[in-house]
Number of protein chains: 2
Amino acid sequence: MKDFPGTPGTLTGLVLRLLQCLFAAASITSMATTSNFVSYTAFCYLIASMGLQVLWSFALAWLDAYALAKKKVIHNPVLVSLFLVGDWVTALLSLAAAASSAGITILFFRDLGSCKSVPDCPKYQLAVTLAFMSWVTVEVSSLIMFWILVAG
Amino acid sequence: MKDFPGTPGTLTGLVLRLLQCLFAAASITSMATTSNFVSYTAFCYLIASMGLQVLWSFALAWLDAYALAKKKVIHNPVLVSLFLVGDWVTALLSLAAAASSAGITILFFRDLGSCKSVPDCPKYQLAVTLAFMSWVTVEVSSLIMFWILVAG
């Protein structure tokens, strides 16, 4: 079970956590460098949610790196349940943030106008795409935790 | 395990499925009776997603009613896994639809203007609220299925 790809304390697990951090941080950067994201509640929520994702994934990446360096197995049911709940909550928040921002981006650049007329349009689109990629990687982690708990 | 509240084939399980149907159908009705929901991709997606939710929940409500009437236990792992995957997928779609519509509703009626100036505003808000309530009930079903599978 220790070598199952993506489980806590493995190299693939660490890579997955770093990818979550990377996508979430890149999404924040892309959104925060637009000129007027503060005017839109959904875009502010995206930044807050991705910020929480960075904190959570970074803490778990650090734990994975520690377990790898010390060659410790961190598969006890209490820890895995904690990881599962954390992944599940952050995944829900990330999906809600990505979906609400996607709703507004599609509204602005497809329903009501074109992407060409707004200079910041590619940045909004990139931020939303990266948020969805972050959500996908958290969802994968969440499913792996679920699998470990069930296979137990 | 058969009498655990909310499990398939119990009265609480049936009530939960009927609530999911009811909230999703009410959300569709509220959104579909607005004058120009067709102009917004997110609102159309809300209707599509809630439509799928109604179909899924109605099919499972029918199955629950059948199991109750015939006093059959429908707790075999294959069926529960199927229910779990179905609930999980429809819950994700419902959350994404509710969040994207909520993003646009907040944009229109808080970020860019007021609810008082648009006659259909309460209908949009009601549709989004009902979609979130439908998502909460599906999420509860999903957690119960997860619990049955883990407790096994």
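Up top is the structure these notes are about.
Note that the coordinates shown come from a computational prediction; the quantities given were computed from them, not determined experimentally. The residue count restarts for each chain, going from 1 along the sequence in the order it is written. Whichever chain is written first is A, and whichever ligand is written first is 1; the rest continue in order. In keeping with the model being predicted, local features are shown solely for residues with a pLDDT of at least 70 and side-chain atom pairs are shown and tallied solely at 80 or more, while totals for entire chains, interfaces and linings include all residues. Neither water nor hydrogens contribute to the side-chain values; these are computed over all heavy atoms in the structure.

**Q** An account of the relation of the copies chain A and chain B is needed here, citing residue identities and associated values.
**A** Once chain A is rotated about the relating axis by 180° and shifted along it by 0.0 Å, it coincides with chain B to within an RMSD of 0.0 Å. The two molecules are tied by a two-fold rotation axis, judged by turn and shift. No C-alpha of chain A lies nearer the rotation axis than that of Ser100 of chain A, which sits 1.9 Å from it. Contact criterion: two residues are considered in contact whenever any of their non-hydrogen atoms come within 4.5 Å of each other. Mapped onto chain B, 100% of the interface residues of chain A again fall at the interface, so both copies present the same surface. We superpose the copies by least squares over the C-alpha atoms of residues that have a pLDDT of at least 70 in both of them.

**Q** Can you break down the layout of surface pockets residue by residue, with the values?
**A** Space inside and on the surface of the protein is sampled on a 1 Å grid over the protein atoms alone, with a cavity defined as a set of points where a 1.4 Å probe fits but cannot get out and a pocket as an open set with protein on both sides within 12 Å along at least 5 of 7 lines; lining residues have an atom within 4 Å of a point. Grid points are joined across faces, edges and corners, and a volume is the space filled by probe spheres set on the points. The calculated volume of the largest pocket comes to roughly 440 Å³. Looking at the largest pocket, it is lined by 20 residues, and the ones nearest its centre are Leu84, Trp88 and Phe146 of chain A together with Leu143 and Phe146 of chain B. Helical segments are the DSSP runs of H or I of at least four residues, strand segments are the runs of E of at least two, and each set is numbered from the N terminus. Looking at the lining of the largest pocket, the elements with two or more residues in it are helix H3 (77–111) and helix H4 (121–151) of chain A together with helix H3 (77–111) and helix H4 (121–151) of chain B. Sorting elements by how many residues they give to the lining of the largest pocket places H4 of chain B first, with seven residues. One number sums up the size of the second largest pocket: a volume of about 180 Å³. Going through the elements one at a time, helix H2 (41–70) and H3 of chain A together with H3 and H4 of chain B are the ones with two or more residues in the lining of the second largest pocket. Among the elements that make up the lining of the second largest pocket, the one with the highest residue count is H3 of chain B (five residues).

**Q** Describe the pattern of salt bridges, and please don't skip the residues or the numbers.
**A** All names here are of chain A. By definition, a salt bridge exists where a carboxyl oxygen of Asp or Glu is found within 4 Å of a side-chain nitrogen of Lys or Arg. Following the criterion strictly, the structure yields two salt bridges over all chains and no others. Of the charged contacts, one joins Asp87 and Arg17 as a salt bridge, the two residues approaching to 2.9 Å between their closest N and O atoms. Pair noted here: Asp87 is in helix H3 and Arg17 is in helix H1 (residues 11–32), with a separation of 70 residues, a long-range link. Relative accessibility under 20% of the residue-type maximum defines a buried residue, over 50% an exposed one, and the middle range a partly exposed one, all with a 1.4 Å probe and only protein chains included. Note on Asp87: relative accessible area 0%, which makes it buried.

**Q** Quick one: what's the story with the interface of chain A and chain B, residue by residue and with numbers?
**A** Residue-level contacts link 24 residues of chain A with 24 residues of chain B. Contact between chain A and chain B buries roughly 1900 Å² in total, counting both sides, with carbon and sulfur atoms accounting for 78%. Connecting chain A to chain B are zero salt bridges. Side-chain atoms alone can form a polar contact between residues adjacent in sequence; in general such a contact is a pair of N or O atoms within 3.5 Å, and within protein one must be able to donate a hydrogen while the other accepts it. Linking chain A with chain B are four residue pairs in polar contact (both at pLDDT 80 or more). Counting only elements with at least two residues in the side of chain A that touches chain B, the list comes to H3 and H4 of chain A. By residue number, the principal contributor to the side of chain A that touches chain B is H3 of chain A, which donates 14 residues. Among the residues making up the side of chain A that touches chain B, the classes are represented as 17 nonpolar, four polar and three charged. Accessible area, probed at 1.4 Å, shrinks when two parts are joined; the buried area is that loss added up over both. Under this grouping Gly is polar, as are all residues other than the nonpolar Ala, Val, Leu, Ile, Met, Phe, Trp, Tyr, Cys and Pro and the charged Asp, Glu, Lys and Arg.

**Q** Tell me about H1 of chain A, residues and numbers included.
**A** Residue and element names in this part refer to chain A. Compared with an ideal rise of 1.5 Å per residue, which puts 22 residues at 32 Å, H1 spans 31 Å between its outermost C-alpha atoms and is within 8% of the ideal. Along H1, the residues classified as buried are Gly13, Leu14, Leu16, Arg17, Gln20, Cys21, Phe23, Ala24, Ser27, Ser30 and Met31. Those residues of H1 hidden inside the fold are in contact with H2, H3 and H4. Helix span is expected to be 1.5 Å times the residue number reduced by one.

**Q** Talk me through the nonpolar core; I want residue IDs and the actual numbers.
**A** Among the buried residues, those of types Ala, Val, Leu, Ile, Met, Phe, Trp, Tyr and Cys that are joined through side-chain atoms within 4.5 Å form a nonpolar core. Of all hydrophobic cores here, the largest spans 37 residues; its most connected members are Met31 of chain A together with Met31 of chain B. Looking at this core element by element, the count peaks at six residues for H3 of chain A. When neighbours within four sequence positions are excluded, Met31 of chain A is seen to be in contact with Phe37, Phe43, Leu46, Ile47, Tyr124 and Ala127 of chain A. One finds Leu16 and Leu60 of chain A together with Leu16 and Leu84 of chain B within the second-largest nonpolar core, a separate group that totals 19 residues.

**Q** Run through the environment of Leu55 of chain B, naming residues and quoting values.
**A** Considering the arrangement of structural elements, one finds Leu55 of chain B in helix H2 (residues 41–70). Placed 21 residues apart in sequence, Leu55 of chain B and Thr34 of chain B show a C-alpha to C-alpha distance of 23 Å.

**Q** Give me the lowdown on the side chain of Glu139 of chain B, citing residues and values where you can.
**A** One can find Glu139 of chain B in helix H4. Apart from residues lying up to four places away in sequence, Glu139 of chain B is in contact with Trp88 and Leu92 of chain A together with Ala91 of chain B.

**Q** Lay out empty space enclosed by the protein in plain terms, naming residues and giving numbers.
**A** Residues and elements named next belong to chain B. Taken as a whole and assessed by the stated rule, the structure comprises three cavities of 30 Å³ or more. Roughly 80 Å³ of volume is contained in the largest cavity. Broken down by class, the residue content of the lining of the largest cavity amounts to eight nonpolar, one polar and two charged. Put simply, the second largest cavity is a space of about 50 Å³. In terms of lining, the second largest cavity is formed by Gly6, Thr7, Pro8, Gly13, Arg17, Leu60, Leu63, Asp64, Phe83 and Met145. Listed by contribution, the elements that provide at least two residues to the lining of the second largest cavity are helix H1 (11–32) and H2.

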